[in-house]
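Structure at a glance
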Amino acid sequence: MVVKKRKLATEAGGSDERPKYLPGKHPKNQEKTPHVDYNAPLNPKSELFLDDWHIPKFNRFISFTLDVLIDTYKDIFKDFIKLPSRKFHPQYYYKIQQPMSINEIKSRDYEYEDGPSNFLLDVELLTKNCQAYNEYDSLIVKNSMQVVMLIEFEVLKAKNLKRNYLINSEVKAKLLHYLNKLVDATEKKINQALLGASSPKNLDDKVKLSEPFMELVDKDELPEYYEIVHSPMALSIVKQNLEIGQYSKIYDFIIDMLLVFQNAHIFNDPSALIYKDATTLTNYFNYLIQKEFFPELQDLNERGEINLEFDKFEFENYLAIGGGGPAAAGALAISALDNDIEPESNREDLIDQADYDFNHFEGLGNGYNRSLLTEDYLLNPNNFKKLIAKPETVQSEVKNERSTTSDIEKTNSLESEHLKIPKYNVIKSMQKEMQSLSEQHTMEYKPYKLIQQIYIFSSKNLYSQATKPLLGSRPSCNQSWVEYIFNGNELSQNENAFSFMLQPMQTFLTLQSHLTSSLKDTETLLTINKEPVKSRTSNVNSNLSQPQQQENDVIGNDTKQDIENLTIGGGNNNDIVGNDNDKRNNITEIFDIRLSEGLNHLMFRCEDKISHETEFMNFWINVLP
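A brief structural summary.

Conventions used here
- Residues numbered from 1 in each chain as written.
- Predicted model: local features only at pLDDT ≥ 70, side-chain atom pairs only at ≥ 80, totals over all residues.
- Heavy atoms only, no water.
- Salt bridge = Lys/Arg side-chain N within 4 Å of Asp/Glu carboxyl O.
- Helix = DSSP H or I, 4+ residues; strand = E, 2+ residues; numbered from the N terminus.
- Pairing = 2+ DSSP bridges.
- Axes fitted to C-alpha atoms, helices over the stretch in contact; angles between N-to-C directions.
- Buried < 20%, exposed > 50% of the residue type's maximum accessible area, 1.4 Å probe, protein only.
- Polar contact = N/O pair within 3.5 Å; in protein donor to acceptor, adjacent residues only side chain to side chain.
- Phe/Tyr/Trp six-rings, centres within 6.5 Å; stacked < 30°, edge-to-face > 60°.

Close approach of charged atoms allows side chains of opposite charge to pair. Tallied over the entire structure, the rule returns 13 salt bridges. Residues E154 and K157 are paired through a salt bridge, measuring 3.5 Å at the closest nitrogen-oxygen approach. Of this pair, E154 and K157 both sit in helix α8 (residues 139-159), three residues apart, roughly one helical turn. A salt bridge links R303 to E305, with the shortest nitrogen-to-oxygen separation between them at 3.9 Å. One network of salt bridges, with partners in common, ties together E47, D51, K159 and R163.

In structure tokens, the structure reads:
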């Protein structure tokens with residue numbers, strides 16, 4: 001129908017108005033693709049990256065939220081659901097090192113310690129890759145920015161569910177007060193509030209920075225604005241909606257306020273003045289909400305001067321799914337759909353679900369419901385079962401057999417000869433072959449002296465999911481967690497390359513190194529694909545004050561205790577976690593590793609500063625697509 005209208009307007013003598021922004025990819029003509037920083041957030045000052053937060057059932061929340069957004073904003077999300085076609089865009093995979101799509105995000109696991117922040121980095125990777133490959137002033141780049149914005153808005157509401165109060169008359173009056181404060185703010189007032197005494201002098205105190213954002217953009221002046229921006233918003237509309245009661249909860253108002261400034265970021269170039277003013281107003285609005293509005297609201301509530309209420313449906317479901325952290329509307333909807341029962345009984349069922357153990361089932365393939373078999377089992381499985389079941393009875397039977405052996409030999413010599421025939425022992429035969437190998441086929445054995453142990457493992461959350469799946473769900477046939485231990489005294493420096501394969505969800509690992517010398521006498525280096533990786537202690541405590549360092553030490557001790565518990569429960573690793581004296585002698589460093597799809601090369605290097613001896617361990621890790 002739209003095509004017919006344009007055709008009639010042209011025939012009548014009107015101008016042929018073609019859209020300025022065309023859909024599809026618009027690759028840059030530059031030979032060198034701009035560098036993409038995969039570990040740096042687009043807005044480091046955002047509360048999503050500054051605060052520690054948690055959403056129950058985070059993986060299901062992600063899947064539910066993305067499905068709803070895709071269904072609601074199909075025109076924006078359609079280019080980012082799948083990876084670009086290798087047939088039609090082969091150059092994309094030569095320029096972009098780490099491709100990302102919504103399907104890739106939905107297939108990954110983010111239920112671990114740094115999962116939420118890594119999820120946000122993967123989401124922002126959608127627009128980072130898009131801006132690196134396409135022209136900045138193209139429709140697909142603008143759509144990618146709106147995709148990231150909409151997803152982060154949903155996460156923001158989920159993160160702050162515990163303080164997403166209903167807007168009553170008292171709360172509305174406070175919000176209007178801070179909205180008017182933002183509208184009347186000048187450059188001087190904003191800098192004094194954000195910077196305090198260190199704010200620059202001679203700043204303008206007359207022009208209000210909010211004036212360009214008060215009304216919607218005129219369609220006649222900028223028709224292309226509405227080709228890009230799918231959710232236009234202005235401060236006057238936000239104020240009107242707040243006054244007439246259009247917003248039911250606080251974060252409905254906050255999201256619309258942020259939408260006003262995010263639209264300016266999407267449409268304008270970063271070098272434009274209005275883009276910079278939008279950034280300044282965003283920072284000032286976040287300051288008013290986080291530093292003034294919520295503290296004042298909490299103080300009034302404690303003194304009984306204001307009544308704060310929650311949405312009953314959301315908060316009851318939030319309690320039902322555990323209340324361990326702020327939950328999301330998506331997660332709550334999932335909980336309501338899964339459990340059509342009262343919150344009290346819902347909570348009891350979830351507790352029973354957490355305590356449910358699947359190890360009594362046979363054939364699950366989890367490897368924890370059977371003990372290891374000795375070589376005797378290969379010789380005679382029936383006798384092996386008797387030894388385990390009734391050891392005393394078997395001993396008495398052995399004595400009786402010894403006493404009657406002579407009688408058996410006398411009565412039936414053929415049968416006695418048959419009983420004396422030894423069965424072939426595969427294990428002993430292999431041991432003899434190993435001992436008889438020629439030295440010309442073996443390299444010189446040179447044990448590690450500096451590196452005592454390298455311990456690589458994945459999230460403990462994956463381990464718990466594999467051993468205790470959700471009640472009613474089908475256990476996974478694939479191993480979703482890994483644990484590799486490399487003992488230096490059992491390995492040779494001349495054979496220092498190791499390789500293993502990981503599933504797509506296992507892109508985040510932790511490497512823990514144990515050295516025989518102190519860190520003052522040794523220098524260590526870990527590289528991933530020739531890029532150095534900082535250890536957790538050096539990365540966290542480099543620029544922290546003394547109280548923050550003490551707090552991180554406590555967190556580090558907790559992490560170390562968890563690692564020791566996991567190691568003790570997983571196997572016999574007595575070399576490192578055997579006794580207290582060994583723990584004091586071991587020098588430990590922990591590295592957080594983020595792998596990319598495909599083949600990754602990890603190299604751990606340790607050098608003694610006194611003797612200048614150097615030792616290496618190389619790991620080739622293939623992450624399946």
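After that view, the rundown keeps rolling.
The next subject is the sheet that holds strand β3 (residues 497-502). Note: strands within a sheet are paired through backbone hydrogen bonds, in either parallel or antiparallel orientation. One open sheet holds the five strands; their spatial order is β3-β9-β8-β5-β6, and the pairing between them is mixed. Both edges of this open sheet fall to β3 and β6 (531-533), since each of them pairs with a single strand only. When the angles between neighbouring strand axes are averaged without regard to direction, this sheet yields 25°. Direction of pairing for strand β5 (residues 522-528) relative to strand β8 (residues 598-608): antiparallel, over a ladder of seven bridges. Looking at β8, one finds that E523 is bridged to E607.

Let us now look at the pairing of strand β4 (residues 508-515). Judged by how many residues are buried, β4 sits mostly within the fold: eight of eight residues are covered. Alternating residues of β4 divide into F508, T510, Q512 and H514 and L509, L511, S513 and L515, and every residue in both groups is buried. One ladder, built from six bridges, connects strand β1 (residues 451-457) with β4; its direction is antiparallel. Note on β4: the bridge partner recorded for Q453 is H514. Relative to strand β7 (residues 587-594), β4 runs antiparallel, the two being bridged by eight bridges. Paired with L509 across the bridge in β7 is I593.

Moving on, we get to the side chain of S144. Considering the arrangement of structural elements, one finds S144 in helix α8. For S144, a relative accessible area of 0% translates into the label buried. A polar side-chain atom of S144 sits 2.6 Å from the main-chain carbonyl oxygen of V141.

Mapping N487 onto the fold places it in strand β2 (residues 483-487). Residues N487 and Q452, spaced 35 residues apart in sequence, show a C-alpha to C-alpha distance of 6.0 Å.

The full count for this structure, using the stated rule, is 21 aromatic pairs. When the centroid spacing of 6.0 Å and the interplanar angle of 20° are considered together, the rings of F58 and F61 count as stacked. Highlighted residues: F58 and F61, both in helix α3 (residues 58-72), separated by three residues, approximately one helical turn. The pair F58 / F61 is uniform in exposure class, with both members buried.

Ordered by their spatial adjacency, four strands build an open sheet running β2-β1-β4-β7, and the pairing between neighbours is antiparallel. Each edge of the sheet is formed by a strand with only one pairing partner; in this case those strands are β2 and β7. Averaged over all pairs of adjacent strands, the angle between their axes in this sheet comes to 15°, without regard to strand direction. Bridging between β1 and β2 involves five bridges; their strand directions are antiparallel. What sits directly across from I454, in β2, is F486.

By themselves, these observations are geometric and do not establish any function.
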